[in-house]
Amino acid sequence: MSDIKNENKPFEPRIVAFFCNWCTYTAADLAGTARMTYAPNARVVRIMCSGRLDPQFVLTALREGADGVLIGGCHPGDCHYMEGNYKTYRRFVLLRRLLETMGIEKERVRMEWIAASEGDRVQKVMNEMAGDLRRLGPLHLEPEAIDLHAALHGEIKPMIQEVAR
């Protein structure tokens, strides 16, 4: 009986959002206190700096059932930890390349620079990402499909060496 109900429900994507404590998380809080509405599909995880986001967290979120991951950090030049967001960007570029080689659409992982005062931007980005993921449909991954260790020792290793230079 419950399967029939689920078939009639429109797909609602699950989003895991990793937000920098100082900017994007504060902006999300501002959006909430200003009663701005946005897609309720996201679960926000506060991290001290986007530069502390281990790519393995993103892979784990996707492996555990997220349809997309949103990474939010301070604008370049405004990081409270000086260069954390630059580190995030380098990792993000590599991560997207890795996911593409695994057949995962690049739109499923998104990074945005959002300042503490930009609650409206959190609203806009969340709604856009939810809409993009609705168009893509659910991410059907086998839990074993994302094996970072195996990927790093395969064809991905040269990409990592390239980015490290």
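Our subject is the structure that appears above.
This is a predicted model, so every value here is computed, not measured.

Topic: the sheet that holds strand β2 (residues 42–47)
By way of backbone hydrogen bonds, the strands of a sheet pair with one another, either parallel or antiparallel. Taken together, four strands build an open sheet; the order of strands is β2-β1-β3-β4 and the sheet is parallel. Looking at the sheet topology across the chains shown, the edges are occupied by β2 and β4 (109–113). In this sheet, neighbouring strand axes are inclined to one another by 20° on average, regardless of whether the strands run parallel or antiparallel. Strand direction decides the pairing type here: strand β3 (residues 68–73) and β4, joined by five bridges, are parallel. Of the residues in β4, the one forming a bridge with I71 is M111. Sheet contacts for helix α4 (residues 84–101): β3 and β4; angle to β4, the most-contacted strand, approximately 160°.

Topic: helix α3 (residues 55–63)
Of the positions making up α3, those classed as buried are V58, L59, A61 and L62. Relative to the axis of α3, the buried residues are bounded by an arc of 160° and lie together on one face.

A look at the side chain of N85
Along the chain, the position of N85 falls in helix α4. Overall, the relative accessible area of 1% leaves N85 in the buried class. One polar contact links the side chain of N85 to the main-chain carbonyl oxygen of H75, over a distance of 2.9 Å. Beyond its immediate sequence surroundings of up to four residues, N85 is in contact with S50, C74, H75, P76, G77, C79 and W113.

Notes on the pattern of salt bridges
Applying the stated rule across the entire model yields eight salt bridges. In this structure, R14 engages D67 in a salt bridge whose closest nitrogen and oxygen atoms are separated by 3.9 Å. A residue pair is termed long-range when its members are at least 10 positions apart, and R14 in the loop between α1 (2–8) and β1 (15–20) and D67 in the loop between α3 and β3 qualify at 53 residues. The partner of R110 in a salt bridge is E112, with the nearest N and O atoms 2.7 Å apart. For the pair shown, R110 and E112 are each scored as buried. Via salt bridges that share partners, R110, E112, R121, K124 and E128 belong to a single interconnected network.

Describing the environment of L95
Structurally, the position occupied by L95 is in helix α4. Taking the relative accessible area as the measure of exposure, L95 reaches 5% and is therefore buried. With 40 residues separating them along the chain, L95 and P55 place their C-alpha atoms 6.8 Å apart. Not counting the four nearest positions on each side in its chain, L95 is found in contact with P55, V58, L59 and V109.

Focus: the environment of M82
Turning to its location among the elements, M82 is positioned in the loop between β3 and α4. When the C-alpha positions of M82 and G51 are compared, they lie 9.9 Å apart, and in sequence the two are 31 residues distant.

Definitions and limits used
- Residues numbered from 1 in each chain as written.
- Predicted model: local features only at pLDDT ≥ 70, side-chain atom pairs only at ≥ 80, totals over all residues.
- Heavy atoms only, no water.
- Pairing = 2+ DSSP bridges.
- Helix = DSSP H or I, 4+ residues; strand = E, 2+ residues; numbered from the N terminus.
- Axes fitted to C-alpha atoms, helices over the stretch in contact; angles between N-to-C directions.
- Contact = heavy atoms within 4.5 Å.
- Buried < 20%, exposed > 50% of the residue type's maximum accessible area, 1.4 Å probe, protein only.
- Arc of directions from axis to C-beta.
- Polar contact = N/O pair within 3.5 Å; in protein donor to acceptor, adjacent residues only side chain to side chain.
- Salt bridge = Lys/Arg side-chain N within 4 Å of Asp/Glu carboxyl O.

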